[in-house]
Amino acid sequence: MIDQARGMIMALAPCSSERAWGLPVDVSQHGNVRLRDVAAAPVATAQAEPNPEQT
């Protein structure tokens, strides 16, 4: 899931793989949220599934 989110970031906001990794890591660390939960949100949106936090 984390790699899927990383790929989506790279496609939507053209950036390097390192930057695409750093963005969700920063959100995770500053928001005190697990990285897999941060990654789940854009992946769920792309798959038209409800966000795990909303279930």
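This text goes with the structure placed above it.
Criteria and cut-off values
- Residues numbered from 1 in each chain as written.
- Predicted model: local features only at pLDDT ≥ 70, side-chain atom pairs only at ≥ 80, totals over all residues.
- Heavy atoms only, no water.
- Helix = DSSP H or I, 4+ residues; strand = E, 2+ residues; numbered from the N terminus.
- Expected span 1.5 Å × (residues − 1).
- Buried < 20%, exposed > 50% of the residue type's maximum accessible area, 1.4 Å probe, protein only.
- Contact = heavy atoms within 4.5 Å.
- Axes fitted to C-alpha atoms, helices over the stretch in contact; angles between N-to-C directions.
- Left-handed = near helix turned anticlockwise from the far one by under 90°.
- Nonpolar A, V, L, I, M, F, W, Y, C, P; charged D, E, K, R; others polar.

Undergrad: Help me get a handle on the environment of A46, residues and values and all.
TA: Counting through the fold element by element, A46 comes out in helix α3 (residues 35-46). When the C-alpha positions of A46 and A5 are compared, they lie 9.6 Å apart, and in sequence the two are 41 residues distant.

Undergrad: Account for α3, naming residues and giving values.
TA: Relative to the 16 Å expected for twelve residues at 1.5 Å per residue, α3 spans 18 Å between its end C-alpha atoms, a close match to the ideal helical length. Considered for burial, the residues of α3 that qualify are L35, V38, A39, A40, V43 and A44. Buried residues in α3 make contact with α1 (2-12) and α2 (17-31).

Undergrad: Describe the packing of α1 against α2, listing the residues and the values that go with them.
TA: Across the interface, α1 lies against α2 with an axial gap of 9 Å and an inter-helix angle of 115 degrees. Of the two elements, α1 crosses α2, and the hand of that crossing is right-handed. Counting all contacts with α1, which are made through I2, R6, I9 and M10, the residues of α2 involved are S17, E18, A20, W21, L23 and P24. Of the residues belonging to the contact of α1 with α2, the class tally is seven nonpolar, one polar and two charged.

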